[in-house]
Amino acid sequence: MMEEFGDNKVEVGISQPAAAPVLQPVTLPTTLSTPVVPENLAGPPQYFTPPPPSQVSPQIFTPSTMASHATTTPFMPPPQPATSFTQPPMATMSQSSYGQSGVGNPSNMQNPSSQPSFGGNASVNVPFDSLPDLNQQQTGEGSGLFFGWGSSIVKKVMEKTKNSVDSVITTLDPGMAPIIHSGGDIEVIVASDKEVKVAAIRDAFQKIFGRATVFGQASSSNIAPQPEGYAAGLKGAEERIENLRRNSLVDEKQCLVAVESFIVELLPDKWFDIGCIVLQDPKYDINLEVFTQATPVPSQFVQQAQTNTPPDYNLRWSGLAVTVGEVIERSNPGISRTDWHYSFTGMSRRDMIFSSAVMLAGLYKQKVPHKSW
């Protein structure tokens, strides 16, 4: 089909589909032809031909050459064939006894020497007499030793932990110490309500026994306020204990402790203040007395106390009507009558009582029947 557009002519044709190729049949040969060998490979096969013997110089081993060869090259022995490994016999265990007598019971094992050897005559002899008896360790002393050792370790760890906790608590709050260390089988009543005496006795008994219940009960004596001499000091401590028992303020078998201070002239015109500590335990029939260290007292204070005591004082046989502490307090307003010891010696009265009370508690612990403190 032809179309004209101006001077140009464009021929437009419609393409026809290409014809499918025609497959020609292939004829296979009936016989196989001989392969073609390249010309350079044609001919008989070639093999490696060793050089003639005349071209290789033979090496003759003589004693001299062997010696020189040995110095230069170490001798390597030829490999030897591996020998067969003979497995040693194993001890066997009776299956029926397994679980009845315990795992690994040597009595359930057979002697290896009676077992047949596997491929050889070697045998292993095990000294069964040296093996421990596991049944004995599991029941009896063996297990008891283990658990006893473990329980002792646990007990020590618990005690150390408790002591550490108690130490921290008492450091942060010293007032908790009497509460933490109270209890146990020791119960002591101090025949006084003054903290300087009660606290010193409590600390001493808790130091010796670990735990002890100590508290005070107000009491008085029938002697002079300022006892003079050892006999007066001992009498005053015993009067304080007797006062509590006579008034039925404590149990008749209760252990009681009393503290009484007195002055005494140990050397000419040299006076000292001493404390007498008495313990009475009717339950175990124990009576103990100890004394605190002697604290020097200036003579002028003793003379003033003697001057202030009336000549007809009815208790003059036991001491003075005015205490030395009162005279010191009037003469030195900054010093307390109850603890003038610290101002004069640098050691408080409580510490003096405590040091002697520790000795008293130690003596009491030796005499009282043994208990688990």
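Scroll up a little and you will see the structure.
Residues numbered from 1 in each chain as written. Predicted model: local features only at pLDDT ≥ 70, side-chain atom pairs only at ≥ 80, totals over all residues. Heavy atoms only, no water.

J.: Looking at this model, I keep getting lost on the overall build of the protein chain. Mind explaining?
T.: From N to C terminus, the protein chain includes 10 helices and 10 strands. Burial analysis of the protein chain (373 residues in total) assigns 28% to the buried set. For the protein chain, contacts bridging at least 24 residues in sequence account for 60% of all contacts bridging at least 6. Total accessible area on the protein chain stands at roughly 26,000 Å², and carbon and sulfur atoms take up 58% of it. (Helix = DSSP H or I, 4+ residues; strand = E, 2+ residues; numbered from the N terminus. Buried < 20%, exposed > 50% of the residue type's maximum accessible area, 1.4 Å probe, protein only. Contact = heavy atoms within 4.5 Å. Areas by Shrake-Rupley, 256 points an atom, 1.4 Å probe, with all protein chains shown as cover.)

J.: Even after reading the chapter, I still don't get the packing of helix H5 (residues 195-209) against helix H10 (residues 349-367), so can you show me in this structure?
T.: Helix-helix packing is characterised by the crossing angle of the two axes and by the distance between the axes. Contact geometry of H5 with H10 gives a least axis separation of 8 Å together with a crossing angle of 40 degrees. By the angle class used here, H5 and H10 are oblique. Crossing handedness for the pair H5 and H10: right-handed. When H5 is examined against H10, the residues Val196, Lys197, Ala199, Ala200, Ile201, Asp203, Ala204, Phe205, Lys207, Ile208 and Phe209 are found in contact with a partner set consisting of Arg349, Arg350, Ile353, Phe354, Ala357, Val358, Ala361, Gly362, Tyr364 and Lys365. Looking at the contact of H5 with H10 residue by residue, the classes come out as 14 nonpolar, one polar and six charged. (Axes fitted to C-alpha atoms, helices over the stretch in contact; angles between N-to-C directions. Parallel < 35°, antiparallel > 145°, perpendicular 65-115°, else oblique. Left-handed = near helix turned anticlockwise from the far one by under 90°. Nonpolar A, V, L, I, M, F, W, Y, C, P; charged D, E, K, R; others polar.)

J.: Teacher, can you tell me more about the packing of helix H7 (residues 299-307) against helix H8 (residues 324-331) here?
T.: Two numbers describe how H7 lies on H8: the axes approach to 9 Å, and their chain directions differ by 110 degrees. In terms of their interaxial angle, H7 and H8 are classed as roughly perpendicular. Across the interface between the two elements, Phe301, Gln304 and Ala305 from H7 touch Val324, Val327, Ile328 and Ser331 from H8. Per-class residue counts for the contact of H7 with H8 are five nonpolar, two polar and no charged.

J.: Explanation requested: the pattern of salt bridges in the structure shown.
T.: Opposite charge on two side chains allows them to pair when their charged atoms are near. Inspection of every chain in the model, using the stated rule, returns seven salt bridges. Ionic pairing is found between arginine 202 and glutamate 195, a salt bridge with its closest N-O pair at 3.9 Å. A salt bridge links glutamate 326 to arginine 337; the shortest N-O distance between them is 3.4 Å. Pair noted here: glutamate 326 is in helix H8 and arginine 337 is in the loop between H8 and helix H9 (340-345), with a separation of 11 residues, a long-range link. Given a relative accessible area of 24%, glutamate 326 falls into the partly exposed group. The class of arginine 337 is partly exposed, set by a relative accessible area of 40%. Connected through salt bridges with shared partners, the residues Glu326, Glu329 and Arg337 form a single ionic network. (Salt bridge = Lys/Arg side-chain N within 4 Å of Asp/Glu carboxyl O.)

J.: Hey, could you run me through H8 in this one?
T.: Because an α-helix completes one turn every 3.6 residues, residues spaced three or four positions apart along the sequence face the same direction. Among all positions in H8, only Val324, Gly325, Val327 and Ile328 are buried. All buried residues of H8 lie within an arc of 160 degrees about the axis, which places them on one face of the element. (Arc of directions from axis to C-beta.)

J.: Where do I start with the packing of aromatic side chains in this structure?
T.: Counting across every chain of the model gives eight aromatic pairs. Taken together, a centroid distance of 5.6 Å and an interplanar angle of 90 degrees make the contact between tryptophan 340 and phenylalanine 344 edge-to-face. One end of the pair, tryptophan 340, and the other, phenylalanine 344, are both in helix H9, four residues apart, so they sit about a helical turn from each other. By relative accessible area, which is 4% here, tryptophan 340 ends up buried. (Phe/Tyr/Trp six-rings, centres within 6.5 Å; stacked < 30°, edge-to-face > 60°.)

J.: Sorry if this is basic, but what is going on with a nonpolar patch on the surface here?
T.: A grouping of Tyr230, Leu266, Leu267 and Phe291 is seen on the molecular surface, where their side chains present a nonpolar patch of about 350 Å² in accessible area. Topologically, leucine 267 is positioned in strand S6 (residues 255-267). (Patch = residues over 30% accessible without salt bridge, like charges linked within 9 Å, V, L, I, M, F, W, Y side chains within 5 Å.)

J.: Quick question: what am I supposed to make of the pairing of strand S7 (residues 270-281) here?
T.: Looking down a regular strand, the side chains alternate between one sheet face and the other. Judged by how many residues are buried, S7 sits mostly within the fold: 10 of 12 residues are covered. Looking at chain direction, S6 and S7 are connected through 11 bridges and run antiparallel. Note on S7: the bridge partner recorded for alanine 258 is valine 278. In sequence, S6 turns back onto S7 through a hairpin of two residues, with aspartate 269 there showing a positive phi of about 60 degrees. Two elements, S7 and strand S9 (residues 295-297), share three bridges in a ladder whose sense is antiparallel. Looking at the pairing, tryptophan 271 lines up with valine 297 of S9. Across six bridges, S7 lies against strand S8 (residues 286-291) in antiparallel orientation. The residue of S8 that forms the bridge with isoleucine 277 is valine 290. Between S7 and S8, which pair antiparallel one after the other, the connecting turn spans four residues, and aspartate 285 there sits at a positive phi close to 55 degrees. (Pairing = 2+ DSSP bridges.)

J.: Looking at this model, I keep getting lost on the side chain of arginine 202. Mind explaining?
T.: Turning to its location among the elements, arginine 202 is positioned in helix H5. A polar contact of 3.4 Å, which involves the side chain of arginine 202, links it to the backbone oxygen of valine 214. (Polar contact = N/O pair within 3.5 Å; in protein donor to acceptor, adjacent residues only side chain to side chain.)

J.: Looking at this model, I keep getting lost on unusual backbone geometry. Mind explaining?
T.: Glycine aside, the phi torsion of most residues is negative, and most peptide linkages are trans. With phi around 55 degrees, serine 248 is a residue other than glycine that occupies positive phi space. Here serine 248 shows up in the loop between helix H6 (230-246) and S6. Judged by relative accessible area, serine 248 falls into the exposed class, the value being 60%. With a phi angle near 60 degrees, aspartate 269 is a residue other than glycine that sits in the positive phi range. Relative to the assigned elements, aspartate 269 resides in the loop between S6 and S7. Look at aspartate 269 and you get partly exposed, because its relative accessible area is 47%.

Geometric descriptors of this kind do not, in isolation, establish any biological role.
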